[in-house]
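Structural features, examined
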Amino acid sequence: MKTPAMLLLAGSLCTAPLAFADAGLDRLQKDGCTACHSIDKKIVGPAYKDVAEKYRKDPSAEAKLVEKVKKGGSGVWGQVPMPPNSPQVSDADIKADVAYILSLKK
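Residues numbered from 1 in each chain as written. Predicted model: local features only at pLDDT ≥ 70, side-chain atom pairs only at ≥ 80, totals over all residues. Heavy atoms only, no water.

One finds Leu28, Tyr48, Ile94 and Val98 to be the most contacted residues of the largest nonpolar core, which totals 16 residues. Listing elements by their share of this core, those giving two or more residues are helix H2 (48–55), helix H3 (61–71) and helix H4 (91–103). Excluding anything up to four places from it in sequence, Leu28 contacts Cys33, Thr34, Tyr48, Asp97, Tyr100 and Ile101. (Core = buried A, V, L, I, M, F, W, Y, C linked by side-chain atoms within 4.5 Å. Buried < 20%, exposed > 50% of the residue type's maximum accessible area, 1.4 Å probe, protein only. Helix = DSSP H or I, 4+ residues; strand = E, 2+ residues; numbered from the N terminus. Contact = heavy atoms within 4.5 Å.)

As structure tokens, then:
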């Protein structure tokens, strides 16, 4: 017999990935990232799904991308430079943004 608590738990487990996705996209928008990037198409910078795919098998990807987002740079995805995002975006938000981006699948 399914109790209301079991149903609530099952429902929350099913929606947890959606909540993570919504929070991740909301944070990227808040941090200004979506002015140049989108989830699935190139704008000025690469699509986030392309970034996730490129770094999928790289165990040092998170650290590399956190530094790239903090300091900015160019050359990996073209010559248009990405401006530095630190200190206006907190280290915690940058880490969360990168974790969300790396979680995306094509």
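This next bit is on the pattern of salt bridges. Tallied over the full model, the rule gives seven salt bridges. For Lys64, the salt bridge identified is with Asp58, shortest N-O distance 2.6 Å. Asp91 is the partner of Lys70 in a salt bridge, and the nearest nitrogen-oxygen pair spans 3.5 Å. Here Lys70 is found in helix H3, whereas its partner Asp91 is found in helix H4, with 21 residues between them in sequence. Here Asp91 falls in the partly exposed class, since its relative accessible area comes to 38%. Bridged by salt links that share partners, the residues Lys30, Asp31 and Asp93 form one connected network. (Salt bridge = Lys/Arg side-chain N within 4 Å of Asp/Glu carboxyl O.)

What follows is about a nonpolar patch on the surface. A surface patch of nonpolar side chains, amounting to about 250 Å² of accessible area, comprises Ile43, Val44 and Val80. Among the secondary structure elements, Ile43 is positioned in the loop between helix H1 (4–30) and H2. Overall, Ile43 belongs to the partly exposed group, its relative accessible area being 40%. (Patch = residues over 30% accessible without salt bridge, like charges linked within 9 Å, V, L, I, M, F, W, Y side chains within 5 Å. Areas by Shrake-Rupley, 256 points an atom, 1.4 Å probe, with all protein chains shown as cover.)

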